[in-house]
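# A structural walkthrough
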Amino acid sequence: MRYPNPCHTPQTPRCEHGGSCRVVLKPKAAPTFACDCPVGYTSSFCELEIPNACQSSPCINGVCKLNTLESYSCHCSAGYRGINCEHTDHCTINGTNPCKNDAQCIPEDTPRGYRCICDQGFTGKNCLKDIDECMDRNSCIHGHCTNVYGSYKCKCQEGYTGQKCDTRFIPCQPSPCQNGGTCRKTGNLTYECECPSGFTGKHCQENIDDCDKHQCQNGGKCIDGINSYTCQCPSTFTGRFCQIDIDECALRPQICRNGATCTNTIGGYNCICVNGYTGHDCSENIDDCMGAACLNGATCHDRVGSFFCQCPPGKTGLLCHLNDACTSNPCHEGAICETSPIDGSYLCSCPSGFKGTNCTEDIDECLDGSPCEHGGSCVNTAGSFRCQCQRGFTGPRCEININECDSMPCQNEGTCLDERGGFRCLCMPGKKNANPIRFVFFIGL
């Protein structure tokens, strides 16, 4: 048997104050639940608070979180610090770091409230002052030093290299050529790079744009590669150069909806809609009621390729423009009146036993051959007939033979023989038939 999860509730959580709900399974019984309560709360739904260290609100500018019932930690709000969030954190109080140029701000219990650890290249109380590294002779040993904000640059003398121009320059050691280029020494201080196919530049650092003379067609986008390119085709074309039109009608036979015919075009397709539908894929049913002229307050109902006018009482026709002749109840009681949608005239469907335009003429069922069997006499009635049966027969049409033997008229173990309109007794030897034939007269209704 399946039971609902007792921990699932539609509105609020089953356990309060952040408690965790746990399903408890019991044999041959519906499952129940138990709440695992956080520190400081107890009871079935964790709704009761236990005396604890946070009840005194020790965190002045923060949120108290219990570690145990006797200990806690404070989660301080922005701009505050300390065990009880009692100190101002000058590094975050205004939402910005007072130490600039990526310096690290350290809160301190000093009148200033913080100190800055500056990043390389900067100094000062808030690390706003740029250090001029060129004041140090060792910044560029064999070159010219230029100070920049937060750093410096060295322009080395001929024959030297390195960040401080402190290393002798030996061509091709190491190779400055990129992307697999081959470095060749051309002099004591000169070299050249032989670039692989698809790259150029002094150090083979530039990928040659192969899209300069691309052959992508039909709006295809050229994507540069290494010594080659590819064409990113729009959704309606394919092929290496987007030169092949995609036949959407063959690729997606159901792309045109509601029985429409799909015809492929260059770069697209067209849908030839059946009557009643429109749209690019023939998915929209045309509202035929927009141009319909239902009259006399009729309600128009849209269909596929047509409409239907729901006429008010007394009106009929395709547009409810005709008077409904059935409104006057011209047909006899029990007949069904049907209105012609062409001219508003009526036609009566007569019940059994009546005829005529309004079903008021009684049909004499006795004239066209008697419906009564076994010589019964037919008597016409309004809308029907009745049969007066010969003796020995009964039923609506005198079709049932009366079995006179059912009453067991023969005595002394005589055998009863049913006959037309009567019976006959075959007596046992030594017995006399006092009534050899007894007739029973029966008039059918």
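Note that residues are indexed from 1 along each chain, following the sequence as it is written. Thresholds applied to this predicted model are a pLDDT of at least 70 for local features of residues and 80 or more for the giving and counting of side-chain atom pairs; totals over whole chains, interfaces and linings are not thresholded and use all residues. Neither water nor hydrogens contribute to the side-chain values; these are computed over all heavy atoms in the structure.

The criterion, for reference: UniProt positions are given in the numbering used here, feature names are shortened, and annotations may be inferred rather than shown by experiment.
An unreviewed UniProt entry lists the protein chain under the name Neurogenic locus Notch protein, with Orchesella cincta given as the organism. Database annotation for the protein chain, UniProt heading Sequence similarities (unreviewed entry): "Belongs to the NOTCH family."

## Things to note about the state of the cysteines
Heads up, the rule is: The disulfide criterion used throughout: a pair of cysteine sulfur atoms within 2.5 Å. Going along the chain from the N terminus, every DSSP run of H or I of four or more residues is numbered as a helix, and every run of E of two or more is numbered as a strand. Relative accessibility thresholds used throughout: buried, under 20% of the residue-type maximum; exposed, over 50%; partly exposed, between the two (1.4 Å probe, protein chains only).
According to the stated counting rule, one finds 32 disulfides in the structure shown. There is a disulfide in this structure between C134 and C145, and the S-S distance comes to 1.9 Å. Measuring the twist about the S-S bond at about -80°, one finds the C134-C145 disulfide to be left-handed. With C134 in the loop between β12 (129-130) and β13 (143-148) and C145 in strand β13, this pair connects stretches of sequence that are eleven residues apart. Across the disulfide from C326 sits C337; the S-S distance is 1.9 Å. Because the torsion about its S-S bond is -90°, the bridge between C326 and C337 counts as left-handed. Placement of C326 in the loop between β32 (322-323) and β33 (336-339) and of C337 in strand β33 is noted, with a sequence separation of eleven residues between them. The class of C337 is partly exposed, set by a relative accessible area of 27%. C427 carries a free sulfur, and the closest cysteine sulfur to it, the one in C425, is 6.1 Å from it.

## Structural notes on the confidence of the model for the protein chain
Close reading of the predicted structure is inappropriate where its pLDDT is low. In plain terms, the rule: What pLDDT expresses is the predictor's confidence in each residue, scored from 0 to 100. In this analysis, two residues are considered to be in contact whenever any of their non-hydrogen atoms come within 4.5 Å of each other.
In this model, the protein chain carries a mean pLDDT of 89, and residues with pLDDT of at least 70 account for 96%. Counting contacts from residues 436-445, a segment whose pLDDT is below 50, to residues more than four positions away or on other chains yields 31 contacts.

## Topic: the environment of G201
Positionally, G201 belongs in the loop between β19 (199-200) and β20 (206-207). The exposure class of G201 is partly exposed, given its relative accessible area of 24%.

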